[in-house]
Amino acid sequence: PAVGDVNGDGRDDIITFTHDTNADVYVALSTGSSFSGTAVKWHDYFSITGEFPALGDVNGDGRDDIITFTQGPATAADVIVALSTGTSFGAPQKWHDLFAVGTEQPRVGDINGDGKDDIVTFTCNTDADVYAATSTGTTFTGTTIKWHDFFCLTGEFPYLADANGDGKDDLIVFTKGTTNDIYVALSTGTTFAPSTKWHDYFGLTSETTL
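Below, the structure is looked at part by part. (Residues numbered from 1 in each chain as written. Predicted model: local features only at pLDDT ≥ 70, side-chain atom pairs only at ≥ 80, totals over all residues. Heavy atoms only, no water.)

### Overview of the packing of aromatic side chains
Next, step 1: Summed over the entire model, instances satisfying the criterion amount to nine aromatic pairs.
Next, step 2: Taken together through their ring pairs, the aromatic side chains of Phe157, Tyr159, Phe174 and Phe202 make up a single cluster.
Next, step 3: Over the face of the ring belonging to Phe157 we find Arg107, whose NZ or CZ atom lies 5.3 Å from the ring centre. (Phe/Tyr/Trp six-rings, centres within 6.5 Å; stacked < 30°, edge-to-face > 60°. Lys NZ or Arg CZ within 6 Å of the ring centre and 35° of its normal.)

So, in structure tokens, the structure goes:
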């Protein structure tokens, strides 16, 4: 499941991906006091088993779209987008053909502050690299463009969010493990600055990080 404003009315809606061989996507719109009683199918084949679905306004029209990372090897690590029309999601389109390979952790957010959501992937291994591809409104541009070279080690949990309120999404990571620290790397619009500790005891290993 995911949450976002898919019809552009300023109210966040709920979306669920069946994530199986049917690969259906259902939406229940917010009325402002509840979510519409009957979920409506907005797409009938998107993000099959093994892929990583996400939500974000990638073309900057005020409506959240659906994104899926196929997460295959370097020869098949595609990023597919289906744009919201306000009443359904359109035909799938390939916006990137080499991103978030294998077990990397992809995220979606506006990292350069232009109003269009971009894609970021964390290797979350000993290299701890962070790669980004920014949205042009019709595609994601950037292959192997490294925005940070040491953020999110194995077992840590990364996020994108605007931590300093400047309109650009930043890197946030929960170290978990024995330290339970929170580190942030602020976006400059073209890269992420060196990380700094923003909290030293939050998000324990046994706790759920959302």
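### Some thoughts on the environment of Leu171
Next, step 1: Looking at the secondary structure, you find Leu171 in strand β15 (residues 170–174).
Next, step 2: Residues Leu171 and Pro158 lie 13 residues apart in sequence; the distance between their C-alpha atoms is 7.2 Å.
Next, step 3: Look past the residues within four positions of Leu171 in its chain and what remains in contact with it is Val120, Phe122, Val130, His148, Phe151, Tyr159, Leu160, Tyr183, Val184, Ala185 and Phe192. (Helix = DSSP H or I, 4+ residues; strand = E, 2+ residues; numbered from the N terminus. Contact = heavy atoms within 4.5 Å.)

### Quick notes on the pairing of strand β3 (residues 25–28)
Next, step 1: As paired strands, strand β2 (residues 13–17) and β3 are joined by four bridges and run antiparallel to one another. Bridging across to β3, Phe17 finds its partner in Val25.
Next, step 2: The pairing of β3 with strand β4 (residues 40–43) spans three bridges and is antiparallel. Each residue of the ladder has a partner; that of Tyr26, found in β4, is Lys41. (Pairing = 2+ DSSP bridges.)

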